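Understanding the architecture of this molecule
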Amino acid sequence: MDGEGGSSGLAKSAAIKLSEMGERTKQLGTAMRDPHQQRRIILVIVCVALLLDNMLYMVIVPIIPDYLADLESEQSEHVHVVMHPNTSANSTSQDKSNKDNLDVQIGVLFASKAILQLLVNPLSGTFIDRVGYDIPLLIGLTVMFLSTCIFAVGENYATLFFARSLQGLGSAFADTSGIAMIADKYTEEAERSRALGIALAFISFGSLVAPPFGGVLYEFAGKKVPFIVLACICLADGVLLLTVIKPFSNRTRDNMPVGTPIYKLMIDPYIAVVAGALTVCNIPLAFLEPTIANWMETTMHSSQWEMGLTWLPAFFPHVLGVYITVKLAAQNPNLQWFYGALGMVIIGASSCTVPACKTFGQLIAPLCGICFGIALVDTALLPTLAFLVDVRHVSVYGSVYAIADISYSVAYAMGPIVASQIVHSLGFVQLNLGMGLVNVLYAPALLLLRNVCQMKPSYSERDNLLEEAPQGLYDTIKMEERNAKKKSYRSAGNCLSVDENGFDPFRAQRSLSEESSGAEYT
């Protein structure tokens, strides 16, 4: 009897626990279906994807040069023993040529990711505009997972080069679709700036924490472990994306408006100014990363841990810059151009002071200034891109953030190859002075953006779609009705279409007529 009572009690407790788990699962499912909660989860998924991409981009900095040098030395010793078993003649010149060859290989390997990303971005932006943001993000995470696994098992230069290039393909989809998804989900300007600021903080954390993370694990656990850890996080992020968003069951993309072609966005003067600023402000970081370690070793006689931790302190001013810009933009959104210009001046001044540093402690200050300035520029101008698309084009963000990704890729594709050549030909001092001067001279160009915040969308998205020519009777009638309304308002002398409270009577009446006439997107 006691045994039966005990078993029934266990069965009851198990049933109670199962029912509690079922309730929690239901609550979690309800929370995931809630648009506000889902938006937060999407932000987490995108931030983790950006973190992974930038960690994988920078984690190889302390690993690959040392690993390739070991491979090169093993091969050269084997060749030397086979071909010249009893002589060591010309070994010095051979070592020098091997070192030069290794430097070229490392530069090409580092740049291959950004080069492929630069080539793929125009296609990925158009693809994202056509199919939505979720499937391209899943494609990007899948390719990044494969790239990370290949990095872990790769044991020769060709395999590592393939893995690095494959990561560029994944980044072209994951980075662009992720940031575009944030811009699409957060439509209010202050919220959008804050969400993009959080994403930028994750990008900076991934870039700056990856070298010490990779260096420590490589030193104590071997080459495979850092990449296996990143691959596991990437897999978990992909599973979360499939669980929350369910990209293959989403039918809303059937009603998506057709985005503005990327070539039209590229010739928009405002977008071109922003893209140029994003490229110029990232040049100091992209050019210093492959060159500063050698300069520190020759001028400061720095140790390996100092070279590995060079950029880590700069994470904190970067996050501070993001936070300050988000707060200032919420209070004065019409000064976004000024925050970007100020950031470029800070980058320019900091870049010019780098060669004057004599110790590791002195070097931290200008590097922190560079990262603080980049935070100001990125946090101010990335939301501006989405706003420009809203007011001047169709509110689909894949192509415009592909342009932003192209801007970054131009800087980071040139960095490992061009910077070394400039240092070799002109010197490290001239490199930094040139980068600083370019940033300071470009800053006044952002004055062209000073009136952007005052722009109002004069057409609905459907109007933009019908700019070239109306197709079908319905579209023709709608265009004639809207043109007649615009003419009637102009003839009535309604010059001030927005009153002191920000109310636009023409847009209000137009939206009422559109609601009464049914769905705009077919």
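Note that the structure is predicted; figures quoted are calculated from it, not measured. (Residues numbered from 1 in each chain as written. Predicted model: local features only at pLDDT ≥ 70, side-chain atom pairs only at ≥ 80, totals over all residues. Heavy atoms only, no water.)

1. Examining the overall build of the protein
- For the protein, the helix and strand inventory stands at 20 helices and 0 strands.
- In the protein, which comprises 522 residues, the proportion classed as buried is 48%.
- Counted over contacts in the protein with a minimum sequence separation of 6, partners at least 24 positions apart contribute 83%.
- Here the protein displays about 25,300 Å² of accessible surface, and carbon together with sulfur accounts for 65% of that area. (Helix = DSSP H or I, 4+ residues; strand = E, 2+ residues; numbered from the N terminus. Buried < 20%, exposed > 50% of the residue type's maximum accessible area, 1.4 Å probe, protein only. Contact = heavy atoms within 4.5 Å. Areas by Shrake-Rupley, 256 points an atom, 1.4 Å probe, with all protein chains shown as cover.)

2. Focus: the packing of aromatic side chains
- One pass over the structure, following the stated rule, counts 9 aromatic pairs.
- Relative to Tyr339, the ring of Phe338 lies with its centre 6.4 Å away and its plane at 65°, an arrangement referred to as edge-to-face.
- Residue Phe338 is classed as partly exposed on the basis of its relative accessible area, which comes to 39%.
- Aromatic ring contacts, followed pair by pair, group Phe205, Phe315 and Phe316 into a single cluster.
- Geometry around Phe110 places Arg164 over its ring, the cationic atom sitting 5.5 Å from the centre. (Phe/Tyr/Trp six-rings, centres within 6.5 Å; stacked < 30°, edge-to-face > 60°. Lys NZ or Arg CZ within 6 Å of the ring centre and 35° of its normal.)

3. Focus: the pattern of salt bridges
- Within the structure shown, the criterion is met by 5 salt bridges.
- Put simply, Glu191 and Arg39 hold a salt bridge, and the shortest N to O gap is 3.4 Å. Residue Glu191 is found in helix α7 (residues 189–221), and its partner Arg39 is found in helix α2 (residues 35–59); the two are separated by 152 residues along the sequence.
- Glu191 gets classed as partly exposed once you look at its relative accessible area, which sits at 24%.
- A salt bridge links Glu189 to Arg192, with the nearest nitrogen and oxygen atoms 3.3 Å apart. Separated by 3 residues within a single helix, Glu189 and Arg192 lie in helix α7, roughly one turn from each other.
- A residue is classified by how much of its surface remains accessible, and Glu189, at 28% relative accessible area, is partly exposed.
- Owing to a relative accessible area of 0%, Arg192 belongs among the buried residues under this scheme.
- Among the charged side chains, a network of salt bridges with common partners joins Glu189, Arg192 and Asp390. (Salt bridge = Lys/Arg side-chain N within 4 Å of Asp/Glu carboxyl O.)

4. A few points about the side chain of Asp405
- Along the chain, the position of Asp405 falls in helix α16 (residues 398–425).
- Despite its burial, Asp405 pairs with no opposite charge, the nearest such side chain being Lys113 at 6.5 Å.
- In contact with Asp405, not counting residues within four places along its chain, are Gln117, Asn121, Ser171, Ala172, Asp175 and Thr176. (Lys, Arg positive; Asp, Glu negative; His and termini not counted.)

5. Focus: the confidence of the model for the protein
- When pLDDT is averaged along the protein, the result is 77, and 72% of the positions lie at 70 or above.
- In this model, residues 458–475 is a region of pLDDT below 50 whose contacts with residues beyond four sequence positions or in other chains number 35 contacts. (pLDDT = per-residue confidence, 0-100.)

6. Brief notes about the packing of helix α10 (residues 269–288) against helix α14 (residues 336–353)
- Their axes nearest at 9 Å, the elements α10 and α14 cross at an angle of 25°. Classified by the interaxial angle, the pair formed by α10 and α14 is roughly parallel. Crossing hand, α10 versus α14: left-handed. Within the contact between the two elements, α10 uses Ala277, Val280, Cys281 and Pro284 and α14 uses Met344, Ile347 and Ser351.
- Across the contact of α10 with α14, the residue classes break down as 6 nonpolar, 1 polar and no charged. (Axes fitted to C-alpha atoms, helices over the stretch in contact; angles between N-to-C directions. Parallel < 35°, antiparallel > 145°, perpendicular 65-115°, else oblique. Left-handed = near helix turned anticlockwise from the far one by under 90°. Nonpolar A, V, L, I, M, F, W, Y, C, P; charged D, E, K, R; others polar.)

7. Comments concerning the nonpolar core
- Ranked by internal contacts, the top residues of the largest apolar core, which has 126 residues, are Leu137, Leu278, Leu363, Leu382, Leu385, Tyr397 and Tyr401.
- No other element matches helix α15 (residues 360–392), which puts 17 residues into this core.
- Inspection of this core shows a minimum of three residues originating in each of domain 1 (31–74 + 106–249) and domain 2 (259–458). (Core = buried A, V, L, I, M, F, W, Y, C linked by side-chain atoms within 4.5 Å. Domains from an automatic or database assignment.)

8. Topic: helix α17 (residues 428–442)
- Taking 1.5 Å per residue as the helical rise, α17 with its 15 residues ought to reach 21 Å, and the 22 Å between its terminal C-alpha atoms agrees with that figure.
- Within α17, the full set of buried residues consists of Phe428, Leu431, Asn432, Met435, Gly436, Asn439 and Tyr442. Along α17, the residues classed as buried sweep out an arc of 140° about the axis, all on the same side. Exposed residues on α17 whose side chains face more than 90 degrees from its buried face are Leu437 and Leu441.
- Contacts from the buried residues of α17 go to α10, α11 (292–299), α14 and α16. (Expected span 1.5 Å × (residues − 1). Arc of directions from axis to C-beta.)

9. Some thoughts on the packing of α7 against α15
- Two elements in contact, α7 and α15, have axes whose closest approach is 9 Å; the angle formed by their N-to-C orientations is 135°. Compared by their axis directions, α7 and α15 come out oblique. For the pair α7 and α15, the crossing hand works out as right-handed. Of the residues in α15, those in contact with Glu189, Arg192, Ser193, Leu196, Gly197 and Leu200 of α7 are Asp378, Thr379, Leu382, Pro383, Ala386, Phe387 and Asp390.
- For the contact of α7 with α15, the residue count by class is 6 nonpolar, 3 polar and 4 charged.

10. Thoughts on the side chain of Arg164
- Looking at the secondary structure, you find Arg164 in helix α6 (residues 157–185).
- Comment: no salt bridge for buried Arg164; closest opposite-charge side chain is Glu289, at 7.7 Å.
- Excluding residues within four positions of it along the chain, Arg164 makes contact with Leu56, Tyr57, Ile60, Leu109, Phe110, Ser112, Lys113 and Phe151.

11. Regarding α14
- Look at α14: 26 Å from first C-alpha to last across 18 residues, which is about the 26 Å you get at 1.5 Å a residue.
- Those residues of α14 that fall on the buried side of the exposure criterion are Gln336, Trp337, Tyr339, Gly340, Ala341, Gly343, Met344, Ile347, Gly348, Ser350 and Ser351.
- For α14, the secondary structure elements touched by its buried residues are α7, α10, α13 (315–331), α15 and α17.

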